[in-house]
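Spelled out, the chains give:
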There are 2 protein chains.
Amino acid sequence: MMSLLVVGTVAFDKIETPFGKTDKILGGAATFIGMAASMLDVKTGIVSVIGDDFPDEHIDLMESKNLDLAGVEKVEGGKTFYWSGRYHNDMNSRDTLVTELNVLENFQPEVPVGWRKPEVLMLGNLHPLVQKSVLNQLEERPKLVILDTMNFWMDLTWDELMDVLKDVDVLTINDEEARQMSKEYSLVKAAKKILEMGPHTLIIKKGEHGALLFHENNVFFAPALPLEDVFDPTGAGDTFAGGFSGFLAKTKNYSFENMKRAIIYGSALASFTVEKFGTDRLAELTDEDLVERLDIFKSLTNFDIELD
Amino acid sequence: MMSLLVVGTVAFDKIETPFGKTDKILGGAATFIGMAASMLDVKTGIVSVIGDDFPDEHIDLMESKNLDLAGVEKVEGGKTFYWSGRYHNDMNSRDTLVTELNVLENFQPEVPVGWRKPEVLMLGNLHPLVQKSVLNQLEERPKLVILDTMNFWMDLTWDELMDVLKDVDVLTINDEEARQMSKEYSLVKAAKKILEMGPHTLIIKKGEHGALLFHENNVFFAPALPLEDVFDPTGAGDTFAGGFSGFLAKTKNYSFENMKRAIIYGSALASFTVEKFGTDRLAELTDEDLVERLDIFKSLTNFDIELD
C-alpha cells in the first residue's frame, strides 16, 4: 500500500501580496505536494525535518489529510525552516525578505523502514545530495522518480544536480530554469537538451501560461486556469507536482496519455492553491470542487475538429 | 457568394531577425489576413491602398490565392506603405526602424459595389475612422464584424476607437493592449471590462503563450505551437485573424463552439507564418500541411478524463 513518497521542506512562510499579509503560516514544498496528493486518495509519506517550534495544529492538519509523517524528523531545540517573501503587483515576481534555513541546514533525510519501496518518489526542491540520499535508501527503484529543482541549485551544485538527474524519470522546472539549464532560449530546443541529461520526461512550468510536457517527440500543453485574481502564488508549483505525482501513484499507469491526465490534475489543484494564502484553500478542498474544476479545464481546451 | 471582406494595409516590410534580414518584401495586415483566409477556400475581398511602386508579382501572388483586389486602390505617383523592424534575440520584442505611411496617410477606403453585403467583415489594424468608414459603406450589417487594433490607436484616437467598437462583435488585441484598454492587470478582469465596451467576444493574443477567447462567461484557450525556432513573427497576429475570420465566413456558424474551432485554425495558420520570412510560408502552404498541423494542435491539448 506504499504509494507516494515525498521528500521536501516543511516550513513556515510569511507572505505579503497586494491583497494582504500573513503571520508565519504553514508552508514548504512537501506540505503542498502532500496535501495536493491527498486529494487523489493515495497513501503518501513525507520525509522532512522540522524544529520543536512547529505547532501541533499543523501536524494535525497534515495528518487529517492522511499524510504519514513518520519520516518527518523533529529536532529538539531546533527551529523550523522559515521563508518570507513579498510579491510584486504583477504577482509574477517576488522579493525574498528572509530565508532562515535553521534545521534544514544539517538535514540528513531518513526514509522510514516501511517506506523504502514506494511506487512513486517525488523529490521536492532541495539540495541534490539530499535528493540523492533518499534515492539511495530505497530497497527497490520506484516505478517513477520525479525531481523538482530550481536555479539556486543550478548555480551552486551543478555537478551534484547532474549526477542525481541521471536516476530521474521526470524533471519539473520553470521556463527560465529550463533556459538556464540548456543554454537555449527556445523551450523546444531546451527540452531536447535536457532530455539528454537523464530524465525521459520533462515538465516546463510557465506559471500563468500553463505547463508543457515533453516526452520523446511528444508534446502536451496544459493551460493554467485564467483567474480574476491570483491571491497568493506560493506553493502553486509544488501543488502541481503533488497532483501530478499523486495521480500517477494512484493510477500506476506511466504512459504519455496518462501523464497528460496527471498534468491536468496538477494544474487543476494548483489553480485552487493560488486562491487563498498558503495551504488555506487546499485544506478545505472537496472532491466536488476538484471534479468541477477538472470539468472547467476540459471546456477550457478541448475542441472537436473533424479531420479526414 | 460574397463572404469575407478584409480591410487593412498592403505594405512593404523590411525585417531583421537573429536569423537574417530581408529586402523590402510583401507585408501588411490585409495581405496576411487574406492569404490565411484563402486556405479556408472562402471568397475574400481586400480593401486597401498601394502606390504605383507595388510590383505585379505581389499582385499575382495575392490573386493566385483567389483574393479579390477590386477594393485595392492604386495611387498613381504614390508610394506603398513601408515598415521596417528589427527583432530582438528573444523574438518577443522588436524595434521599429522605419515607418513611412506614404499612401496610407490619406487613405479613404472605398468598398466596391459588389462587396457591400459581406457575410463577415474583418477590420484589420488601422485608424478607427477608416475602420468605421468601411462599416458605414455596407448595405447590410455583416453577420459578424471583427476588429483588430493596437496600443497606438488607444493612445491617439481613444474616442474614435470606442465609437467604432460599439458596432463590433469580436475584438482581437494582445495581452498588453487588453491591460492598457481596461486598466486591469488580470486578463479575466480585463476581458469583463472590455466586453462592456461593445464587442460580445474578445480574443486576447498572447504570442508564444497562445490566445484566450472570452464570450459571456465562457473562456477557451488555444495554445501556440511550441516551436524550435520562431524565424519571423511578422504577420502572425494577422494570419491568426485571417484563419479565424476565414473559418467563420466559410462555416457561417457563429456559436461559441465554432469560434473555438476558428481560433484553432487561426493558431495553426499562424504557426506556419513564423516559420519563414513574411508571407513565404503562407504562399507555399498546402491543404495537407494544414490538416497535419491541426492534428498536432489536437494532440497538443486534448485529453480525456472521465468525470462522474
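Data block above holds the structure.
Because the structure is predicted, anything quoted here is derived from the model rather than measured.

A. Main features of the overall build of chain A. From N to C terminus, chain A includes eleven helices and 14 strands. Taking 308 residues into account, the globule formula puts the C-alpha radius of gyration at 19 Å, and chain A, at 18 Å, falls close to it. Each of the three principal axes of chain A carries a C-alpha extent, and together these read 70 × 45 × 40 Å. Going through the 308 residues of chain A one by one, you find that 59% of them count as buried. A separation of at least 24 residues holds for 65% of the contacts in chain A among residues at least 6 apart in sequence. For chain A, the centre of its 30 positive side-chain charges and the centre of its 51 negative side-chain charges are spaced 4 Å apart.

B. Spatial organisation of the interface of chain A and chain B. Counting residues at the interface gives 39 residues for chain A, matched by 39 residues for chain B. Summed over both sides, the interface between chain A and chain B buries roughly 3,800 Å², with carbon and sulfur atoms accounting for 57% of that surface. Remark: the boundary between chain A and chain B carries six salt bridges. In this structure, B:Asp229 and A:Lys189 form a salt bridge, with 3.1 Å as the shortest nitrogen-oxygen distance. Those elements giving two or more residues to the side of chain A that touches chain B turn out to be helix H7 (187–194), strand S14 (218–222), helix H9 (256–273) and helix H11 (287–301) of chain A. By residue number, the principal contributor to the side of chain A that touches chain B is H11(A), which donates eight residues.

C. A look at the layout of surface pockets. A volume near 620 Å³ is recorded for the second largest pocket. Around the second largest pocket sit 25 residues that line it, and A:Pro226, A:Ile296, B:Val188, B:Asn217 and B:Val219 are the ones nearest its centre. Of all the secondary-structure elements, those providing two or more residues to the lining of the second largest pocket are H11 of chain A together with helix H7 (187–194), strand S14 (218–222) and helix H9 (256–273) of chain B. Examining the composition of the lining of the second largest pocket, we find that six residues originate from one element, H11(A), more than from any other. Within the lining of the second largest pocket, the residues separate by chemical class into twelve nonpolar, three polar and ten charged.

D. View of the relation of the copies chain A and chain B. Here chain A sits on chain B after a turn of 180° about the axis and a move of 0.0 Å along it, with an RMSD of 0.0 Å. Look at the turn and shift together and you get a two-fold axis relating the two. Across chain A, the rotation axis passes nearest the C-alpha of A:Asn302, at a separation of 2.6 Å. The share of interface residues of chain A whose copies in chain B are also at the interface is 100%, consistent with both copies meeting through the same surface.

E. Representation of the pairing of strand S11 (residues 170–174) of chain B within the structure. Residue and element names in this part refer to chain B. Burial runs high along S11: four of the five residues are buried. With three bridges joining them, strand S10 (residues 144–148) and S11 adopt parallel strand pairing. When the bridges of S11 are listed, Leu147 appears paired with Leu171. Here S11 runs beside strand S12 (residues 201–205); their pairing, made up of five bridges, is parallel. Residue Asn174 lies in a different strand from S12, and its bridge partner there is Lys205.

F. Quick look at the packing of helix H6 (residues 175–182) of chain A against H7(A). All names here are of chain A. Where H6 meets H7, the axes come as close as 9 Å, and the angle between the chain directions of the two elements is 60°. On the basis of their axis angle, the class for H6 and H7 is oblique. Both H6 and H7 take part in a crossing whose hand is left-handed. In this structure, H6 contributes Asp175, Ala178, Arg179, Met181 and Ser182 to the contact, and H7 contributes Leu187, Ala190, Lys193 and Ile194. Residues of the contact of H6 with H7, tallied by class, amount to five nonpolar, one polar and three charged.

G. Structural detail: the packing of aromatic side chains. By the definition in use, this model includes 13 aromatic pairs over all chains. Ring centres 4.8 Å apart and planes at 85° place the aromatic pair A:Phe152 and A:Trp153 in the edge-to-face group. A:Trp153 sits in the buried class, given a relative accessible area of 14%. Judged by centre distance (4.5 Å) and plane angle (25°), the rings of A:Phe247 and A:Tyr265 are stacked. Of the two residues, A:Phe247 is situated in helix H8 (residues 236–251) and A:Tyr265 in helix H9; the sequence distance between them amounts to 18 residues. Here the two residues A:Phe247 and A:Tyr265 agree in accessibility, since each one is buried. Among the aromatic residues, ring-to-ring pairing joins A:Phe19, A:Phe231 and A:Phe277 into one connected group. For the cation-ring pair, A:Arg293 lies above A:Phe272, with the distance from its terminal atom to the ring centre recorded as 4.0 Å. A cation over a ring is seen here: B:Lys24 above B:Tyr82, with NZ or CZ 4.1 Å from the ring centre.

H. Summary view of the sheet that holds strand S9 (residues 120–123) of chain B. Residues and elements named next belong to chain B. Taken in spatial order, the nine strands line up as S6-S5-S1-S9-S10-S11-S12-S13-S14 in an open sheet, and their pairing is mixed. Unpaired on one side and paired on the other, strand S6 (67–75) and S14 mark the two borders of the sheet. Neighbour to neighbour, the strand axes of the sheet diverge by 15° on average, direction disregarded. Most of the contacts of helix H6 (residues 175–182) go to S11, to which it runs at about 110°, and overall it touches S11 and S12.

I. Representation of the sheet that holds strand S11 (residues 170–174) of chain A in the model. Residues and elements named next belong to chain A. Pairing within the open sheet is mixed, and its nine strands lie in the order S6-S5-S1-S9-S10-S11-S12-S13-S14. Looking at the sheet topology across the chains shown, the edges are occupied by strand S6 (67–75) and S14. Pairwise comparison of adjacent strand axes, ignoring direction, gives a mean angle of 15° for this sheet. In the packing of H6 onto the sheet, contacts are made with S11 and strand S12 (201–205), and the angle to S11 comes to roughly 110°.

The rules behind these values
Sequence order sets the numbering: in each chain, residues are counted from 1 along the sequence as written. The order in which chains are written sets their letters, starting at A; the order in which ligands are written sets their numbers, starting at 1. For this predicted model, a pLDDT threshold of at least 70 governs which residues receive local features, and a threshold of 80 or more governs which side-chain atom pairs are given and counted, while totals over whole chains, interfaces and linings are taken from all residues. Hydrogens and water molecules were not included; the side-chain quantities draw on all heavy atoms of the structure. The numbering of helices and of strands both runs from the N terminus, where a helix is a DSSP run of H or I of at least 4 residues and a strand a run of E of at least 2. As a reference, a globule follows 2.2 Å times the number of residues to the power 0.38, and the radius of gyration itself is taken over C-alpha atoms. Think of it in three bands: residues with accessible area under 20% of the maximum for their type are buried, residues over 50% are exposed, and the middle band is partly exposed, with areas taken using a 1.4 Å probe on protein chains only. We call two residues in contact whenever any of their non-hydrogen atoms come within 4.5 Å of each other. Positive charges come from Lys and Arg, negative ones from Asp and Glu, while His and the chain ends are left out of the count. Working definition for charges: the position is that of NZ of Lys, CZ of Arg, CG of Asp or CD of Glu. Defined in terms of a 1.4 Å probe, buried area is the accessible area two parts forfeit on being brought together, summed over both. Salt bridges are identified by distance alone: a Lys or Arg side-chain nitrogen within 4 Å of an Asp or Glu carboxyl oxygen. Think of a 1 Å grid over the protein atoms and nothing else: a 1.4 Å probe that fits but is trapped marks a cavity, an open set flanked by protein within 12 Å on at least five of seven lines marks a pocket, and residues with an atom within 4 Å of a point count as lining. Grid points are joined across faces, edges and corners, and a volume is the space filled by probe spheres set on the points. For this scheme, ten residues count as nonpolar: Ala, Val, Leu, Ile, Met, Phe, Trp, Tyr, Cys and Pro. Four count as charged, namely Asp, Glu, Lys and Arg, and the remainder, Gly too, count as polar. C-alpha atoms of residues with pLDDT of at least 70 in both copies form the basis for the least-squares superposition of the copies. Pairing between two strands is assigned when DSSP locates at least 2 bridges connecting them. Only the stretch in contact is used when a helix axis is fitted, and all axes are lines through C-alpha atoms; the angle between N-to-C directions ranges over 0 to 180 degrees. Any angle from 65 to 115 degrees is called roughly perpendicular, while one under 35 is roughly parallel, one over 145 is roughly antiparallel, and all others are oblique. Each crossing gets its handedness from the near helix: less than a right angle anticlockwise from the far helix is left-handed, clockwise is right-handed. The aromatic pairing rule takes the rings of Phe, Tyr and Trp, using the six-membered ring of Trp, and pairs them if the centres are within 6.5 Å, calling planes under 30 degrees apart stacked, those over 60 edge-to-face and the rest tilted. Consider the ring centre and the ring normal. A charge sits over the ring if Lys NZ or Arg CZ is within 6 Å of that centre and within 35 degrees of that normal.

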